[in-house]
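Results of the structural survey
Chain residues, written in single-letter form:
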Amino acid sequence: MIREIIKIDEELCNGCGVCVPNCHEGALQIIDGKARLVSELMCDGLGACIGHCPEGAITIEEREADAYDEIATISQMVKQGKATMFAHLKHLQDHNESGYLKQALGFIKANADAMPFEISEVHALLNGTNEAGEKQACGTGGGCPGSAPMSFDAGGLKMAAPAAETPTALTQWPVQMHLINPAASYFQGADLLVAADCAGFAHGNFHNDFIKGRKMVIACPKLDNSTDTYIYKLLQLIEEAKVNTITVVIMEVPCCGGLSHMVSRATQMASRKVPVKEVVIGIKGDVISEEWL
């Protein structure tokens, strides 16, 4: 398919790494001193990273992209060397892309003689062991910061004794973006909440603060497939259901920003204007920012 995708000029890139945390899809990493697109399948082509590059090394080009053809992607990646290929494989593993990972491993095994590494090194990488076969600590694979493990408690929080069970504020079903019908009557003229999957679990008062008075759809820009379908559904909600406002609630992790960009893309394509508010929730559940876009 012909689509927009980022292009990195290695002559201009100085390896500063500023672009990496600003790639909402986690598709960029610094490998061998240069920014690399380690996984085309995770690049949405929206270019959130472009404005953060101080050297102007990142641009958008429109070309025939094989982003969703894993065999073509990894076969092109061979010439970039072991480090880039290993980053790509770990990237697939970290984001549960088991189907693509299986295809990649099949290609590597079939072309083992041409690989710049041994198959045993791949097994060690994916099984979390070093060359001596010893188990590595969790999180050493250089995966997306959004999936980095951490633990924290609710120290200092005072939980009020519940007088009664808190009722749900949800007034429609389904809510998953893949399943919703934009033509459903309850979306007509509604205030729309577009929420990241994790947000409802992180923010303790999510129902009262965000769902109440709104119709809701949820999605994960990192793990869900066919996000172009999401953009089209959002466009339908704006143009045909004529939603009144859109509130986007995302988590603070970089990958989650892809949800805001999907909403932004849909509003740019729409003929009518809809007010959009973005709310960012911290991983400990606090509201970090809230602003109209």
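The rules behind each value
- Counting restarts for each chain: residues are numbered from 1 in the order of the written sequence.
- In keeping with the model being predicted, local features are shown solely for residues with a pLDDT of at least 70 and side-chain atom pairs are shown and tallied solely at 80 or more, while totals for entire chains, interfaces and linings include all residues.
- The side-chain values count all of the structure's non-hydrogen atoms but skip hydrogen atoms and water molecules.
- Each helix is a run of DSSP H or I of at least 4 residues and each strand a run of E of at least 2, with the numbering of both proceeding from the N terminus.
- Here a helix's expected span is defined as the number of its residues, less one, multiplied by 1.5 Å.
- Three exposure classes are used, based on accessible area relative to the maximum for each residue type with a 1.4 Å probe and protein chains only: buried under 20%, partly exposed in between, and exposed over 50%.
- Here the arc refers to the directions that run from the helix axis out to each C-beta atom.
- Lines fitted to the C-alpha atoms define the axes, with helices restricted to the stretch that makes contact. Angles between their N-to-C directions range from 0 to 180 degrees.
- An angle below 35 degrees is treated as roughly parallel, one above 145 as roughly antiparallel, one from 65 to 115 as roughly perpendicular, and anything else as oblique.
- Take the far helix as your reference; a near helix turned counterclockwise from it by less than a right angle gives a left-handed crossing, and one turned clockwise gives a right-handed crossing.
- Residue contacts are defined here by distance: any two heavy atoms, one from each residue, within 4.5 Å place the two residues in contact.
- Charged residues are taken to be Asp, Glu, Lys and Arg, nonpolar residues to be Ala, Val, Leu, Ile, Met, Phe, Trp, Tyr, Cys and Pro, and polar residues to be all remaining types, Gly included.
- For two strands to be treated as a pair, DSSP must find no fewer than two bridges joining them.
- Criterion for a salt bridge: a side-chain nitrogen of Lys or Arg within 4 Å of a carboxyl oxygen of Asp or Glu.
- What pLDDT reports is the predictor's confidence in each residue, on a scale of 0 through 100.
- Definition of nonpolar core: a set of buried residues of the types Ala, Val, Leu, Ile, Met, Phe, Trp, Tyr and Cys, connected through side-chain atoms within 4.5 Å.
- Each Phe, Tyr or Trp ring, with Trp reduced to its six-membered ring, pairs with another whose centre is within 6.5 Å; inter-plane angles below 30 degrees give stacked pairs, above 60 give edge-to-face pairs, and intermediate values give tilted ones.

Turning our eyes to something else, we now look at helix 3 (residues 98-110). With 13 residues, helix 3 should reach 18 Å at 1.5 Å per residue; the first-to-last C-alpha distance of 18 Å fits that figure. All buried positions along helix 3 are accounted for by Tyr-100, Leu-101, Ala-104, Phe-107 and Ile-108. Buried residues of helix 3, seen end-on, are gathered within an arc of 125 degrees and therefore sit on one face of the element. For helix 3, exposure combined with an orientation more than 90 degrees from the buried face picks out Ser-98, Lys-102, Lys-109 and Ala-110.

With that settled, the discussion passes to the packing of helix 3 against helix 4 (residues 119-126). Where helix 3 meets helix 4, the closest approach of the two axes is 11 Å, and the angle between their N-to-C directions is 160 degrees. When the axes of helix 3 and helix 4 are compared, the pair comes out roughly antiparallel. For the element pair helix 3 and helix 4, the recorded crossing hand is left-handed. Mapping the contact onto sequence places Leu-101, Leu-105, Ile-108 and Lys-109 in helix 3 and Ile-119, Val-122 and Leu-126 in helix 4. The class makeup of the residues in the contact of helix 3 with helix 4 is six nonpolar, no polar and one charged.

Along a regular strand, successive side chains alternate from one face of the sheet to the other. Pairing analysis gives four bridges linking strand 2 (residues 28-31) to strand 3 (residues 34-37), with the strands arranged antiparallel. Bridging from a neighbouring strand, Ile-31 pairs with Lys-34 of strand 3.

Looking now at the pattern of salt bridges. As a working rule, side chains carrying opposite charge can pair if their charged atoms are close by. What the rule picks out here adds up to four salt bridges. Taking the shortest distance from any N to any O, the salt bridge between Arg-36 and Glu-10 comes out at 2.4 Å. Here Arg-36 is found in strand 3, whereas its partner Glu-10 is found in the loop between strand 1 (2-8) and strand 2, with 26 residues between them in sequence. Here Lys-277 makes a salt bridge to Glu-290, at a shortest N to O gap of 3.1 Å.

Glancing now at the confidence of the model for the protein chain. On average, residues of the protein chain carry a pLDDT of 82, and 82% of them reach 70 or more. Taken element by element, the predicted model of the protein chain shows its lowest mean pLDDT in helix 1 (residues 70-77) (78) and its highest in strand 5 (residues 191-196) (97). Confidence drops under a pLDDT of 50 for residues 129-143, and excluding neighbours within four residues, the segment shows 16 contacts in the predicted structure.

Leu-192, Val-194, Phe-206, Leu-234, Ile-246 and Val-249 are the most contacted members of the largest nonpolar core, which totals 44 residues. Sorting the residues of this core by element identifies strand 5, helix 6 (206-211), strand 6 (215-219), helix 7 (227-239), strand 7 (245-251), helix 8 (257-269) and strand 8 (276-281) as the ones contributing at least two each. Top contributing element to this core by residue count: helix 7, with six residues. Leaving out residues up to four positions away in the same chain, Val-194 has contacts with Met-177, Val-217, Leu-234, Ile-246, Thr-247, Val-248, Val-249, Leu-259 and Val-263. Of all hydrophobic cores here, the second largest spans 32 residues; its members include Ile-6, Met-85, Ala-104 and Val-122.

Under the defined criterion, the tally for this structure stands at three aromatic pairs. Ring geometry for Phe-206 and Phe-210: centres 5.4 Å apart, planes at 50 degrees, overall tilted. With Phe-206 and Phe-210 both in helix 6, this residue pair falls four residues apart, about one helical turn. For Phe-206, a relative accessible area of 5% puts it in the buried group. On the basis of relative accessibility, which here comes to 6%, the residue Phe-210 falls in the buried class.

Before going further, it helps to examine unusual backbone geometry. Residues Trp-173 and Pro-174 are joined by a peptide bond in cis, for which omega reads 0 degrees. Relative to the assigned elements, Pro-174 resides in the loop between helix 4 and strand 5. In this structure, Asp-32 is a non-glycine residue whose phi angle is positive, near 50 degrees. Owing to a relative accessible area of 59%, Asp-32 belongs among the exposed residues under this scheme.

Turning to the sheet that holds strand 6, a few remarks are in order. Think of a sheet as strands paired side by side through backbone hydrogen bonds, with each pair either parallel or antiparallel. The strand order across the open sheet built from five strands is 6-5-7-8-9, with neighbouring strands paired in mixed fashion. At either margin of the open sheet sits one strand with a lone partner, and together these are strand 6 and strand 9 (287-292). Put simply, the sheet's adjacent strands are angled 15 degrees from each other on average, direction ignored. Of the strand pairs in this sheet, strand 8 and strand 9 are connected by five bridges, and their pairing is antiparallel. Its bridge partner lying in strand 9, Lys-277 is registered against Trp-292. Of the strands in this sheet, strand 5, strand 6, strand 7 and strand 8 are in contact with helix 8, which crosses strand 7 at around 160 degrees.

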